[in-house]
Every structure is written in C-alpha cells, then in structure tokens.
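Observations on the model geometry
Chain residues, written in single-letter form:
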Amino acid sequence: MLPIAYFPRVCTSHFGNVIFKSICFMYDMPIVFDEDYDMFLLNGKSTTYAFGIARKDMLLSFYWGPKVSTTDEIPLVNMMGGASFTNQKGVMPLEFNSAWGMSYVENCLKVEFSDGVRSVHFEYNGYEIKDNYIKEEQIVPSTPKNSNQTLIIHLKDDKYAFEIDLYYRLYEELDIIERWMEVKNTGKSQIKVENILSALWNFPVYRSFTRLTHLHGSHSHEFQVARTDLAPGKLVLDSRRGSTGHYRNPIFMLDDGEANEENGHVYFGALAWSGSWKIVAERTSHGYTRILGGLNNYDFTYNLKDSQSLITPSFFGGFTQGGFGGASRLLHDLQTTYILPENKKDKIRKVIYNSWEVTTFSVNETQQMELAEVAAELGVEIFVMDDGWFGERNHDRAGLGDWIPNPEKFPNGLGPLIQKVKDLGMEFGLWFEPEMVNPDSDLYREHPEWVIKFPGREPDQGRNQLNLNLALLEVKEYVYNAVANILEQHPGITYIKWDMNKSICDMPERWMWYEYVKNLYEIFGRLRDAFPYLHIENCSGGGGRADMGLMPYYDTNWTSDNTNPFHRLFIQEGFSMAYTPRIMSAWVTDMGSFDLKYRFYSSMMGIMGIGANILKWTEKEKRKAKQYIQKYKEIREVVQFGDLYRISSPREGALTAVEYVSKDKSRAVLFAFKKVSDLSDDIIYIPVKGLKPDVKYIAPGFMGTVEGKAIMNQGIKTSLSGTHSCHLFEIKKQE
Ligand code: GLA
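In short, a report on the structure. (Residues numbered from 1 in each chain as written. Predicted model: local features only at pLDDT ≥ 70, side-chain atom pairs only at ≥ 80, totals over all residues. Heavy atoms only, no water.)

Turning next to the sheet that holds strand E2 (residues 31-34). Strands sit in the order E2-E3-E4-E5 across an open sheet of four strands; the sheet is antiparallel. At either margin of the open sheet sits one strand with a lone partner, and together these are E2 and strand E5 (58-66). Ignoring which end each strand starts from, the neighbouring axes of this sheet average 15 degrees apart. Note that strand E3 (residues 39-43) and strand E4 (residues 47-55) share five bridges and pair antiparallel. Bridging across to E4, methionine 39 finds its partner in glycine 52. (Pairing = 2+ DSSP bridges. Helix = DSSP H or I, 4+ residues; strand = E, 2+ residues; numbered from the N terminus. Axes fitted to C-alpha atoms, helices over the stretch in contact; angles between N-to-C directions.)

What follows covers the pairing of strand E19 (residues 289-295). E19 sits mainly inside the fold: seven of its seven residues count as buried. As paired strands, strand E12 (residues 191-203) and E19 are joined by six bridges and run antiparallel to one another. From the neighbouring strand, phenylalanine 203 faces E19, where its bridge partner is threonine 289. Examined bridge by bridge, strand E18 (residues 277-283) and E19 share seven bridges and lie antiparallel to one another. Each residue of the ladder has a partner; that of arginine 283, found in E19, is threonine 289. Connecting E18 to the next strand, E19, in antiparallel fashion are five residues, including glycine 287 with a positive phi near 90 degrees. (Buried < 20%, exposed > 50% of the residue type's maximum accessible area, 1.4 Å probe, protein only.)

Moving on to helix H5 (residues 415-423). Residues Leu417, Ile418 and Val421 constitute the buried set of H5. Along H5, the residues classed as buried sweep out an arc of 100 degrees about the axis, all on the same side. Projecting away from the buried face of H5 at angles above 90 degrees are the exposed residues Lys422 and Asp423. Buried positions along H5 lie against helix H4 (365-378), strand E24 (382-385), strand E25 (427-432) and strand E28 (493-498). Glycine 425 sits one or two residues past H5 and shows a positive phi near 90 degrees. (Arc of directions from axis to C-beta. Contact = heavy atoms within 4.5 Å.)

What follows covers the site of the ligand. Near the ligand lie 13 residues; those nearest to it are Asp386, Asp387, Lys497, Asp499 and Asp561. In this structure, an oxygen atom belonging to the ligand sits 2.9 Å away from a side-chain N or O atom of aspartate 499. Between tryptophan 558 and the ligand, the recorded distance is 3.4 Å, taken from a side-chain N or O atom to an oxygen atom. Protein coverage of the free-state accessible area of the ligand, which is 310 Å², stands at 97%. Here the shell around the ligand is composed, by residue class, of four nonpolar, three polar and six charged. (Near = heavy atom within 4 Å. Polar contact = N/O pair within 3.5 Å; in protein donor to acceptor, adjacent residues only side chain to side chain. Areas by Shrake-Rupley, 256 points an atom, 1.4 Å probe, with all protein chains shown as cover. Nonpolar A, V, L, I, M, F, W, Y, C, P; charged D, E, K, R; others polar.)

This part is about the sheet that holds strand E33 (residues 643-648). One open sheet holds the six strands; their spatial order is E33-E34-E35-E40-E37-E38, and the pairing between them is antiparallel. In this open sheet, the two edge strands, each paired with only one partner strand, are E33 and strand E38 (706-707). Bridge analysis of strand E37 (residues 696-698) against E38 gives two bridges, and the strand direction is antiparallel. Each bridged residue has a counterpart across the sheet, and for lysine 696 the counterpart in E38 is glutamate 707. Its contacts with the sheet place helix H10 (residues 596-603) against strand E35 (667-674) and strand E40 (726-733), and it is angled at close to 50 degrees to E40.

This part covers unusual backbone geometry. Even without being a glycine, aspartate 299 presents a positive backbone phi close to 60 degrees. The exposure class assigned to aspartate 299 is partly exposed, which follows from its relative accessible area of 26%. Positive phi is not limited to glycine here, since serine 307 has a value of about 60 degrees. Residue placement: serine 307 occurs in the loop between strand E20 (302-304) and strand E21 (309-311).

This part takes up the state of the cysteines. As enumerated under the stated definition, the model contains zero disulfides in all. There is no disulfide at cysteine 539, and the cysteine sulfur nearest it, in cysteine 505, is 20 Å away. Taking the relative accessible area as the measure of exposure, cysteine 539 reaches 2% and is therefore buried. (Disulfide = S-S within 2.5 Å.)

So, about the packing of aromatic side chains. Within this structure, the stated rule accounts for 54 aromatic pairs. Taken together, a centroid distance of 5.0 Å and an interplanar angle of 90 degrees make the contact between phenylalanine 209 and tyrosine 267 edge-to-face. Here the residue phenylalanine 209 occupies a position in the loop between E12 and strand E13 (211-216), and tyrosine 267 occupies one in strand E17 (residues 266-271), the gap between them amounting to 58 residues. Arranged with centres 5.0 Å apart and planes meeting at 25 degrees, the rings of phenylalanine 600 and tyrosine 628 form a pair that is stacked. Of the two residues, phenylalanine 600 is situated in helix H10 and tyrosine 628 in helix H11 (residues 619-641); the sequence distance between them amounts to 28 residues. The buried category is assigned to phenylalanine 600, whose relative accessible area is 0%. Above the face of the phenylalanine 324 ring, arginine 227 is positioned so that its terminal group lies 3.8 Å from the ring centre. Lying across the ring of phenylalanine 641, arginine 582 places its NZ or CZ 3.8 Å from the centre. (Phe/Tyr/Trp six-rings, centres within 6.5 Å; stacked < 30°, edge-to-face > 60°. Lys NZ or Arg CZ within 6 Å of the ring centre and 35° of its normal.)

If you want it as structure tokens, here you go:
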C-alpha cells in the first residue's frame, strides 16, 4: 500500500487560494498513477479523467474533460468543510461514497452488518492496473482489445471483513470508461447490501453542466428525447418493473446548455442493465452536478454470506467536444466494436418479413406459405413467423408457456413451412415469449408455483399473462429448454424473436430482482453458445428492453410496436441518441396513410423489414417494393456500418434529415422528410457532414465531381413540396 503523504491538487484554503504548487507529471500509458500526488489519470484519445486519494478515507474527483498533458493542467479542488450541518463528505466532489456519517448526498453503497451497524467506513487499500482484464463472473461480457487497460481500486472497511473494488476499464480510442463495483464479504457473518450502484460521475464546476438529455416514453412511444435543466436537488430516472422499460431508458447526456448536434462539451453515459435500474442526477447545494446509477434499490436487498461477493452491472461514461451527435457516434462505436455478439457484430443485417400486424394470432401453414412466396419474390431474406403458432394461442388469453406447434394450424408441425421458406431461398425465424405464461395454459396448470407472486395474493396480470420466476433454478432450466428443444428439432430455424410483454411486480424475495436478470443473460448466453448460427432479435412489446446489458447477446432490437413511418422518425431519432442503427429494426407496414416511398425511406434508416399485407399489394406496388428493397440492399452497408449524423430533427422543424457516412468516407446516404406542406421551405439546402473535405465526390445537384468541403458548405439542394414528401440522396467518392 502506498503512503498517503500528499493531498494531491487539493488546497486547504477556504478562499480558493492556490497553496500547493504541483510538479509536472508526464504520462506515457493510458492509465497511470502519479505517486507524487496520489492521483490516477485515465487518458483517452482526447480526454482525461482524474481522481485521487485525498485522504485515506476519501477519494476525490479532480477532473474530467479535454485531454491534459501534465497534472499541472488539472484544476485545484478546495478542501471545504461546510457548516456544523455537514462536513467534507457532504461537500466535496467524491469519487465514491458510502452511507457514512454526515454525508447526505446520494450514496453508491449502503449495507447492514450482522450487528445492525449500517455505515461503511472504507479506507484505501491499494490499486492494480491490468491489461486485457476479463472477469469471469462479470455480468456484461465485453471483448476488450489489447489497448484497453483496467484500473482496480481496492477499498476495505476499517473494522468489518468487507471489501470493495472499484473497476475502471478504459476504451482509450473512444474516450469511454466502463465502471462497475464488486463488494465482498470476507468474513463469516452475513452482510446485507441495501444499495449498490455501479458508478458515480462528477462534472466540472468551471461551467455549469446542468442540462440533461434523456429518453422517455411509453409503449408505442419509446425513445422520446427530453432535454431539461437540472434544478438544485435530484432528478431520478428509473425503472422498478424488473426490466428496462419503455418509460425511461438508462442513458444520459449532460451539457452546459451550449452544445448542439455537432459541437460542444457533452458528457454521456449508458447503464448496461436490463432489470430495475436507477440513475440519479443530483445538483448539490455546493455547486456540483453528479450522476449516479446502477441497480434500483427499491425493494432490493442482497444478503452476502460467508465469502460471497456481489458485482454490479457496468455503467459506461464518456466525454466529447463533438456535441450530442459526437456522443452518439462514440456509443455506437462502443456497441459495434465491443458490445454486440462477436460472431455476428460485423455481419450485414438482412431484410425480414413478419406478418404480425396483418395476421396477428391467426397464423397457419397455408397462409404463411403464401406470404413467404410473395416475400421471396420481393427480395426478403428472412421469413419470421410471429405469435400464434403454438399451444392454444388463438388470442392473447391462452397458450403462453406451451411451446408446441398448434396441431390445427400446423398439422405436420413446423417442418413443412421451414422447408418451404428454405426452398424459396430465405432463412426462417420464429417468435417466442419464454419468460411468460398465460394462466390458461398447460404449463400454468402444471406449475402454478413458477410464477412471480407473493404467497396468498393474486398477482396482477398484464395482457392476460404472468411472469415466470427466472430467479428459480428449475424455471431457468425450463425456459432454456423450451427454446433449445425447438431449435434442436428444427436446425432450419436460424433466427428467433425473443419477446417480453409484461412488467414484473410482486417479486417474492428482494434478491430475485437481480438474480432474474443474471439468469436471463445466462440463458441468452447458453443459447448463443449452443446455436452459434442463431440471429437473436430482442423485443419487449416494442423497445421496452433496449439497453447495453442484454446487447452482448442479441443482434437486432425491435424498436417499437408503433410502425407509423412518420412517428418512427421521432422514435428512431431517440433510439439513435443511444443505440447504433446496426440493431435498429424498422418495418414497412400498413400503419397510417403514407405512400410506399415514405414507408420505405423511413424504414431504410435501420434494419429494414416488411410487415405489411403483401398479399394485397398490386403488381405495381410489388414492382416498386422490389426496387426499394434492392435499393436498400445497395445502401445498407453505409446505414448499418457507417457514422450517423442527425442533421435536422423532427422535433425542431418541418425537415427531418439524417445522414449516414461510411467509415472510410467514400459513401454517404442522406434521408430527407418534410413534415408539413408550406411554401417557404420547399427548396432546402441540407448541410451534410462527415465527408473528407479535399476528396472529390459525385453528389446530387453538383455538376461533375465536387470536393467534400463544397458539398458540406453548400449543402444538398432539395425540393420537398407537399406534406410527407421525402428524398434519398447518395454521395459517392469519385473512383
Ligand atoms: C409484442 C411485439 C410485437 C408482436 C407481439 C406478438 O407486442 O412487440 O412485435 O411480436 O408482441 O404478440
């Protein structure tokens, strides 16, 4: 252990005088410990994150922002006390805090020891810096590349056998830090964990970082962007429903009120957890903005027995000077490089057909075969059969839990349909909702004890269904086998859509909230290992469980049950704030009254699929649809693998414009949609981004070839007359 000899970058004056002259410290590794100042520096490509050991029992946040080259550039922190009503624990920018003494700000950790003591007096107990650190029981597996280093700060209680490890994994090239915490009971007596968060982020006081951007919504209105000034006090974003939820999504962006899509200092974070979660944005009375997040402590406790440990999900955080768009692109790159399943992350997402909105529960072999024939003709690549194929599932009141093909709808099982789809040159996909049961099902009649409920009380139903308790070992096994058996019997199923249509309530034991999610991840992981060819679509009544916790296990995310192509512009914009278009599923359906072109263009902005009644399409419509699908296949590499620029938001004016630029900047695709019909804005110049300034491109509206800078300066000229008119533009580098 290092001597705690200096108070790094801390001056003890109450008046802010600099009383400590620091020595220049140059660093050569991404993560370094400056022994002179007991300071840790995490250096990304363009940012530095610094904190230190101010006292044996106090870690302080010093800096997070543009990269510094010496510790001299890190601002000093005043060691303030506060009046008799609080002390330094309540006033200083703490890097970590436990429930302890006169600290009344939101804390990262609260436990109860077996003798009833409910404070953690931690002290610093050393550090480690590791290359390629992968912890087996880490909840969110990511695949760190060589350059990533992980810093581990060891803390321990000064009296009880209790250890705390704080983890910081640096994604250097992305300026992102992944943080999580592990607590260990190293003694014999039980310790009850009452609150445990993944990370606490502090923001600088030199500017007022108090404008919070987040995502809220509801079923069919997911991912709505909210931007609000934080008042002194706390704003809590959370879910208590055992899943991520449609209502708020576990991400944040924070700026000083000056940032826009492409410029300005933006801090951002995303919590990787698919269960009940909590993010607290706190503006303290002492000038700091801090954001904490992790497991929701509502109705939560976790008992640590002898030598047991508890590990939190990861909370990723980053900083950029490139505005909200820059923040989104860093998150997208993090997901596509590190988070998405390794075996599929670099594979093009294919065009699917799914008849759910047309046929709902009334599926049968003949009708699905008919649809498959037309889908194949149009150029669809994966044919997915949704709900209704199993048990007595003729409506939403029965059948969930009985994962056996319905013999009236599929007299010869699924085999003939799968074969037909294969013969038509497509892959076959199937819908499941394995975490649920209808009370009217054989499974419930056999195992009523498997549902989540309090003994002696009737649980609330949602959509006539109940949640199975995945926290129980036998249920976990059942759920895995329910899906795995069908996949084993039918190797032709290469795609599954995994749905979850009811929030959890009445969890019989408090630790089960956590265990449920861990077991869900385990089931997904086992399925991926056993069926590596499988493409998994994640769905929860639309986008109710979109987060980076489940993301290491799925390839596609169903964005929303709202497939109105105009509403989708808003939903997809919000989704793109946090999540990559590589997983954003978007279908052409019959919702709303829009022409084919508008429906297709709106759906081409992610992974395009078709959910319309294609049996009713005229020959002309089919011909057009075929052309659009072909066009999508030509541009999808740019859409799914490029950089996304939100040029003009549907929230802000008549024009929505979104651009995708390939990573090598040789191609760009621009989508433009007009909201209303007015004369003033019919001719618009859309200022595109992301091209190479000095490279020559072929671009619409420009004669011959033109340099990237000219296109970016002048914009792409477009005429959008009439409500809901739209255009797609392509820009290509000169060969
Ligand atoms: C949810 C999904 C839909 C569809 C239905 C089936 O609502 O979001 O896409 O699969 O369930 O019941």
